[in-house]
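# An overview of the molecular structure
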Amino acid sequence: MRAIPIAGAAITAALVVALAGWYFTSGGKSSLEQAQVIPPTSQTSVASRLSAPETTGTIAKPVLARAEHTPPPPAPRVAAPKCPSGTLGVSRTVEIDTTAGPGFGFQHFKTYDFLEPGEVVLTFDDGPWPTNTPAVLAALAAQCVKATFFIIGKHAIWHPEILKQVAAQGHTIGTHTWSHVDLTKKTVPERTEEIEKGVSAINLLVGGKSAPFFRFPTLRHPPETVEYLGQRNIASFSTDIDSLDFKIRKPDAIVAGLIANLKKRGKGILLMHDFQRATAIALPQLLEQLRINGYRVVHLQPKEPVQTLADYDALAAKELKGPGGPVADARATSNIVRTITGPAD
């Protein structure tokens, strides 16, 4: 009857040997310790986290070390809307994280290069403006493409119905100051008011759907104002290729210049002005040339809408409620003026 104790002792000895082998081959670490290869990121500085941007799908998004627990998978990409055959269309839509105010456009900002060869971003400044902006919208719609518009605040309150057409057609709306002044010639408080009052007015007119995207008038960037935009989490946009349409003012020459520069660079953010009549005339031809030459349009969207400041919201509201301001007359014309009798028989 001593066989059972002997067998038990043998089993115990075997277990001890197996555990000892595991300990020396694993260095004595638990399975959790072995799996944790990347250190925690709680002590990672903001500067180091922003130094390696992720530029696929989301632009200027800081790349953080992986956390201890695997995050949920990203949401599936939304399929681009189908466009009629023979149109340019949108190749892809990218989301921009404007945290800390990244800059785009290699003429001034060279950190974030998110376009692939053959890709272009269409941008328009100085609108909305009668005749010209609607013509630009019609050309974009005909080719089933989207663009980013950098709006002047005063122009927006003069022509709110055109601004609302821009928003309704799915284009991205950024800002371009209140009155298009050269900010390098203004004091710091004046610069702030020019930026913020424009942001507040435009955001109010489009129902809180404007983007934290800003372009400096004349592309002149006071460094301290760029820093201020970073504190406000507003991205600064320069350009890769300037159409110079405000100087050329000849539709054929505008198209030829843009296409020639694109062939040299291979890709880029294009700067045009929907304020300029020549650009409105040139745009259908330009879009067709982009299609024929195999270029692909990229549409920019913000991760989050712009956050306005209450003091400037109040200033903008006063402008909007002034004589002829659109807020007082925000209803559609058909809701204000109604025909109650027809022509006399």
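Bear in mind that the values here come from a model prediction, so they are computed numbers and not experimental data.

### Side note on unusual backbone geometry
- For the bond running from G127 to P128, omega is -5 degrees, close enough to zero to count as cis.
- Its identity as a non-glycine residue notwithstanding, A100 has a phi of 70 degrees, on the positive side.
- If you trace the backbone, A100 turns up in the loop between β4 (90-96) and β5 (103-104).
- Look at T131: it is not a glycine, yet its phi comes out positive at around 70 degrees.
- Since its relative accessible area comes to 51%, T131 is described here as exposed.

### A word on the state of the cysteines
- The full count for this structure, using the stated rule, is 1 disulfide.
- Each sulfur of the disulfide joining C83 and C144 lies 1.9 Å from the other. As the torsion about the S-S bond is roughly -70 degrees, the C83-C144 disulfide counts as left-handed. Of this pair, C83 sits in the loop between β3 (61-62) and β4 while C144 is found in the loop between α4 (132-142) and β7 (148-151), placing the two residues 61 residues apart along the sequence.
- Given a relative accessible area of 22%, C144 falls into the partly exposed group.

### Digging into helix α12 (residues 310-321)
- Here α12 is 12 residues long and its end C-alpha atoms lie 16 Å apart, about the 16 Å a rise of 1.5 Å per residue gives.
- Listed as buried for α12 are Y312, A316, A317 and L320. Each buried residue of α12 sits inside an arc of 145 degrees when the element is viewed along its axis, so together they form one side. Among the exposed residues of α12, those oriented more than 90 degrees off its buried face are D311, K318 and K321.
- Those residues of α12 hidden inside the fold are in contact with α5 (153-158) and α7 (188-205).

### Here's the deal with the packing of α7 against helix α8 (residues 223-231)
- Direction vectors running N to C along α7 and α8 enclose 45 degrees, while the axes themselves pass 11 Å from each other. When the axis of α7 is compared with that of α8, the two are oblique. When you trace α7 past α8, the crossing you get is right-handed. Residue-level contacts link R191, T192, I195 and E196 of α7 to E224, T225, Y228 and L229 of α8.
- For the contact of α7 with α8, the class distribution of residues is 3 nonpolar, 2 polar and 3 charged.

### Digging into the environment of E116
- Mapped onto the elements, E116 comes out in the loop between β5 and β6 (119-125).
- Put simply, E116 and G266 are 150 residues apart on the chain and 8.7 Å apart in space, counted from C-alpha to C-alpha.
- Setting aside its immediate chain neighbours within four residues, E116 contacts R92, K267 and R296.

### Here we look at the packing of α4 against helix α11 (residues 277-292)
- Contact geometry for α4 and α11: axes closest at 8 Å, N-to-C directions at 5 degrees. Judged on the interaxial angle alone, α11 and α4 are roughly parallel. When α4 is examined against α11, the residues N132, A135, V136, A139 and L140 are found in contact with a partner set consisting of R277, A280, L283, P284 and L287.

### Examining the side chain of D240
- Its place among the elements puts D240 in the loop between β10 (235-237) and β11 (241-242).
- Given a relative accessible area of 16%, D240 falls into the buried group.
- Separated by 2.6 Å, the side chain of D240 and the backbone nitrogen of F106 make a polar contact.
- A polar contact is formed between the side chain of D240 and the backbone nitrogen of I269, at a distance of 2.8 Å.
- Sequence-distant contacts of D240, that is, excluding residues within four places in its chain, are made with G105, F106, Q107, L115, R265, G268 and I269.

### What to know about the nonpolar core
- If you look at the biggest cluster of nonpolar residues, it comprises 41 residues, and the most contacted ones within it are L122, F124, L140, F149, L283, L287 and L290.
- In terms of residue count, the dominant contributor to this core is α11 (7 residues).
- Residues contacting L287, with those up to four places away along its chain left out, are L88, L122, A139, L140, Q143 and V145.

Conventions and cut-offs
Residues numbered from 1 in each chain as written. Predicted model: local features only at pLDDT ≥ 70, side-chain atom pairs only at ≥ 80, totals over all residues. Heavy atoms only, no water. Helix = DSSP H or I, 4+ residues; strand = E, 2+ residues; numbered from the N terminus. Buried < 20%, exposed > 50% of the residue type's maximum accessible area, 1.4 Å probe, protein only. Disulfide = S-S within 2.5 Å. Expected span 1.5 Å × (residues − 1). Arc of directions from axis to C-beta. Contact = heavy atoms within 4.5 Å. Axes fitted to C-alpha atoms, helices over the stretch in contact; angles between N-to-C directions. Parallel < 35°, antiparallel > 145°, perpendicular 65-115°, else oblique. Left-handed = near helix turned anticlockwise from the far one by under 90°. Nonpolar A, V, L, I, M, F, W, Y, C, P; charged D, E, K, R; others polar. Polar contact = N/O pair within 3.5 Å; in protein donor to acceptor, adjacent residues only side chain to side chain. Core = buried A, V, L, I, M, F, W, Y, C linked by side-chain atoms within 4.5 Å.

That's the geometry; what it means functionally is another story.
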